[in-house]
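Chain residues, written in single-letter form:
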Amino acid sequence: MVIKPAGKIALIILFIVLAFFTYRYFVPAKPGEAGAETTSGTMPQPKTGEEMGRTGTSSGNGSGNTDSKSSSSKPSTGSRSFSYIPEKPVNGTLRGVVEVGASGFNSFVINMDQEKRWEIVSKDFGESLAYEGLM
């Protein structure tokens with residue numbers, strides 16, 4: 001079997017990549033470099049709301065953080081409630097989906113109007129009688 005020049009180049013690149021990742025895995029990073037582990041052996045603790053400069057509080061309506069200048073993209077650890085109530089469809093039509101698989105079936109019926117507002121009318125999750133050996 002003869003390896004063509006393009007195959008030789010591909011094998012050389014593959015070996016270089018494998019050697020690089022093997023070196024990164026087995027050789028520890030020096031302290032102070034990117035990716036180096038902390039030397040204290042403990043993980044840094046996340047900042048609280050006051051430490052991040054958060055001045056607003058949640059009013060309980062699900063609006064979340066009222067301070068729009070917060071520089072952190074981490075979610076707050078406080079509890080919030082989700083209080084969304086969807087609009088009911090007006091003069092909607094019934095639409096249905098039946099999913100049939102090897103081990104069962106699922107069916108859904110929704111009421112959807114022209115503006116794509118919808119509500120679920122019926123949902124059913126069943127098991128196949130043929131799969132269970134009852135037919």
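It should be noted that the structure appears before, not after, this text.
**Student:** Quick rundown of the overall build of the protein chain? Include the residues and the values.
**Tutor:** In terms of helices and strands, the protein chain carries two helices and three strands. Going through the 135 residues of the protein chain one by one, you find that 8% of them count as buried. Restricting the contact set of the protein chain to residue pairs at least 6 apart, pairs at least 24 apart contribute 17%. Approximately 12,400 Å² of the protein chain is accessible, and the part contributed by carbon and sulfur atoms is 59%.

**Student:** I'd love a proper account of the sheet that holds strand β1 (residues 93-100), names of residues and values included.
**Tutor:** Judged by pairing direction, the sheet is antiparallel, and its three strands sit side by side in the order β1-β2-β3 without closing on themselves. Of all strands in the sheet, those with a lone pairing partner are β1 and β3 (118-127), marking the two edges. Adjacent strand axes in the sheet meet at a mean angle of 10°, parallel and antiparallel pairs treated alike.

**Student:** Go over unusual backbone geometry, please, and point to the residues and values.
**Tutor:** Despite not being glycine, Asn 91 shows a phi value in the positive range, around 50°. Within the element layout of this structure, Asn 91 appears in the loop between α1 (5-26) and β1. Assessed through its relative accessible area of 75%, Asn 91 is described here as exposed. For Lys 116, which is not a glycine, the phi torsion comes out positive at approximately 65°. One can find Lys 116 in the loop between β2 (104-112) and β3.

**Student:** If you had to explain the pattern of salt bridges to someone new, which residues and values would you point to?
**Tutor:** In total, this model carries four salt bridges according to the counting rule given. In this structure, Glu 87 and Arg 117 form a salt bridge, with 3.0 Å as the shortest nitrogen-oxygen distance. A residue pair is termed long-range when its members are at least 10 positions apart, and Glu 87 in the loop between α1 and β1 and Arg 117 in the loop between β2 and β3 qualify at 30 residues. In this structure Glu 87 comes out as exposed when scored by relative accessible area, which is 53%. Across the salt bridge formed by Asp 113 and Arg 117, the nearest N and O atoms sit 2.8 Å from each other. The exposure class assigned to Asp 113 is buried, which follows from its relative accessible area of 6%. One network of salt bridges, in which partners are shared, links Glu 87, Asp 113, Glu 115 and Arg 117.

Analysis parameters
- Residues numbered from 1 in each chain as written.
- Predicted model: local features only at pLDDT ≥ 70, side-chain atom pairs only at ≥ 80, totals over all residues.
- Heavy atoms only, no water.
- Helix = DSSP H or I, 4+ residues; strand = E, 2+ residues; numbered from the N terminus.
- Buried < 20%, exposed > 50% of the residue type's maximum accessible area, 1.4 Å probe, protein only.
- Contact = heavy atoms within 4.5 Å.
- Areas by Shrake-Rupley, 256 points an atom, 1.4 Å probe, with all protein chains shown as cover.
- Pairing = 2+ DSSP bridges.
- Axes fitted to C-alpha atoms, helices over the stretch in contact; angles between N-to-C directions.
- Salt bridge = Lys/Arg side-chain N within 4 Å of Asp/Glu carboxyl O.

So, to be careful, I would describe these as geometric facts and stop short of saying anything about function.
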